[in-house]
Each structure stands twice: as C-alpha cells, then as structure tokens.
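Okay, here's what each chain looks like letter by letter:
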Amino acid sequence: RSAQRSALTSHGRRRVGNYKHVVIQEYTRIPVYTADRRRHAGYLWKKSMKTIKQLDEMIRSRGGRTVLFQTWANIERWEEEMPHIIENHKTYAQMLTTADYKPLIAPVGHAYDLFRKHRPHDFLKLWCKDKAHESELARYYTALVLYETIGGKSCIGLPGPVDTHLSDDDTLELQTLAHQAVVDTEKEGWR
C-alpha cells in the first residue's frame, strides 16, 4: 500500500496505538521517478512528501519514531534506479528531521545492492518468480536490516531463518551484508 492510502485509512478512522517505531514504506515507484511528466511523478512525489509528513506527525504525536523502509529498484533498471531511491529516502528523512528528532532509514534497498555486488550469481534468489516480490531468503535478509535499524544492535550472530535452509556461511554472509548496509546509513547520519 502506498503511504497516501495508509494515511487516509489510518487518519480518523482507526485509533493509532502507542508505538516506539512505525515503519513506513512508500509505493516502490514513487521514490524512483520524482519529475517524469509521463508518469505524473512530480505530482505523486509532492503528494507522497505531504503524506509522509502527515504520517510522521501522527507517529510522533503518539510518542513514536518513523522508520522509512527504503525500497529497491526494478531488476531491469537497477543501476539507473537505486541511486534515486537512496537519495530520495534521504530527502524524506531530511524533510522530517528537526533539531531534536530524526527518523530512521531502514536501508533495505542498499542491502539488496550490496548483495548484488557480492553475489551477482545469486541476486535473483532475492525474488519470487515474478521478479518483483521478495523471496523467503529476502524476507530473512530484510528482517535483519529492520532488526538492526530499529533495535540498534548488530544482527551478526542471530539465528538463521527457520523457513528457508541456509548454510551457516550463507547466514553469516547475509548478516554481515545487512550489518554493512545499516553501518553505511549510520555513517551518513541516519541513526
């Protein structure tokens, strides 16, 4: 679901509980194309920025902290799209940052990019057959990124997944790459 639809369904119709962290994931295509007139991207980007800000205000009013779930690129346009996705999630975060508050970025897309660079022969294993949705392997990998981003503790050494067979070496490599993605994001000031 896009952040716009989430805001509309959450705002006023359901009571939002008290949460320490709330993860927001925008529709995958919006953070990629922010100015392409053919896709009405400029309009959608502005609407997305407004909605993310509204959601963040709701989250903060309940004592929570926003976690921006960084999505990933289309497989066929990976090199072109990933830099835009990374930069535009920073733009979301900068918009929400104040003197005493900073949202978190869960660098899932960056973690996928690290996996692609370290294991290009296994890159497609992160997706289901449709090449758009995460595989079980990727869900574990994503969970590692979220664990470390939100919990603030290293994911290295956590148990492997119970629903997918991974060797101990593969589990450690995924943990190391997920950790590196979070560390890279922290170095840029988003922790």
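Now for a look at the structure at hand. Not measured: the values here are computed from a predicted model.

## Points about the side chain of Thr171
In step 1: Along the polypeptide, Thr171 turns up in helix H6 (residues 168–187).
In step 2: Non-local contacts of Thr171, meaning those with residues more than four positions away in its chain, are made with Tyr140, Gly160, Pro161 and Leu166.

## Topic: the pattern of salt bridges
In step 1: Overall, the coordinates contain 12 salt bridges when judged by the stated rule.
In step 2: Across the salt bridge formed by Glu79 and Arg116, the nearest N and O atoms sit 2.9 Å from each other. Here the residue Glu79 occupies a position in helix H3 (residues 78–96), and Arg116 occupies one in helix H4 (residues 108–118), the gap between them amounting to 37 residues.
In step 3: Given the relative accessible area of 55%, Glu79 is considered exposed.
In step 4: Taking relative accessible area as the criterion, Arg116 reaches 18% and is therefore assigned buried.
In step 5: We note a salt bridge from Asp113 to Lys117, for which the minimum N-O separation is 3.1 Å.

## With respect to H6
In step 1: The terminal C-alpha atoms of H6 lie 28 Å apart, and with 20 residues this matches the ideal 28 Å at 1.5 Å per residue to within 8%.
In step 2: Residues of H6 that are buried include every one of Thr171, Leu174, Gln175, Leu177, Ala178, Ala181, Val182, Val183 and Thr185, and no others.
In step 3: Structurally, H6 contributes buried residues whose contacts are with strand E3 (104–106), H4 and helix H5 (136–151).
In step 4: A positive backbone phi angle near 95° is found at Gly189, which sits one or two residues after H6.

## Quick word on the nonpolar core
A general tendency of soluble globular proteins is for nonpolar side chains to be buried together.
In step 1: Within the largest apolar cluster, 35 residues are counted, with the highest numbers of intra-cluster contacts made by Trp72, Trp78, Tyr112, Leu126, Trp127, Tyr141 and Leu174.
In step 2: Those elements that place two or more of their residues in this core are strand E2 (65–69), H3, E3, H4, H5 and H6.
In step 3: The element best represented in this core is H5, accounting for 6 residues.
In step 4: Setting aside residues no more than four positions away along its own chain, Trp78 makes contact with Trp72, Ala73, Pro83, Gly109, Tyr112, Asp113, Arg116, Phe123 and Trp127.
In step 5: Counting 14 residues, the second largest nonpolar core, distinct from the first, contains Met49, Leu55, Ile59 and Ile105.

## Let's talk about the side chain of Thr51
In step 1: With respect to the helices, strands and loops of the structure, Thr51 is situated in helix H2 (residues 41–61).
In step 2: At 2.9 Å, the side chain of Thr51 and the backbone oxygen of Lys47 are in polar contact.

## Here we look at the layout of surface pockets
The probe, sized like a water molecule, is rolled over the atoms to show the empty space still left.
In step 1: In this structure, the second largest pocket spans a volume of roughly 260 Å³.
In step 2: The wall of the second largest pocket is formed by 14 residues, among which Thr28, Arg29, Trp72, Ala132 and His133 lie closest to the centre.

What counts, and where the lines are drawn
- Residues numbered from 1 in each chain as written.
- Predicted model: local features only at pLDDT ≥ 70, side-chain atom pairs only at ≥ 80, totals over all residues.
- Heavy atoms only, no water.
- Helix = DSSP H or I, 4+ residues; strand = E, 2+ residues; numbered from the N terminus.
- Contact = heavy atoms within 4.5 Å.
- Salt bridge = Lys/Arg side-chain N within 4 Å of Asp/Glu carboxyl O.
- Buried < 20%, exposed > 50% of the residue type's maximum accessible area, 1.4 Å probe, protein only.
- Expected span 1.5 Å × (residues − 1).
- Core = buried A, V, L, I, M, F, W, Y, C linked by side-chain atoms within 4.5 Å.
- Polar contact = N/O pair within 3.5 Å; in protein donor to acceptor, adjacent residues only side chain to side chain.
- 1 Å grid on protein atoms, 1.4 Å probe; cavity = no way out; pocket = protein on both sides within 12 Å on 5 of 7 lines; lining within 4 Å.
- Points joined across faces, edges and corners; volume = space filled by probe spheres on them.

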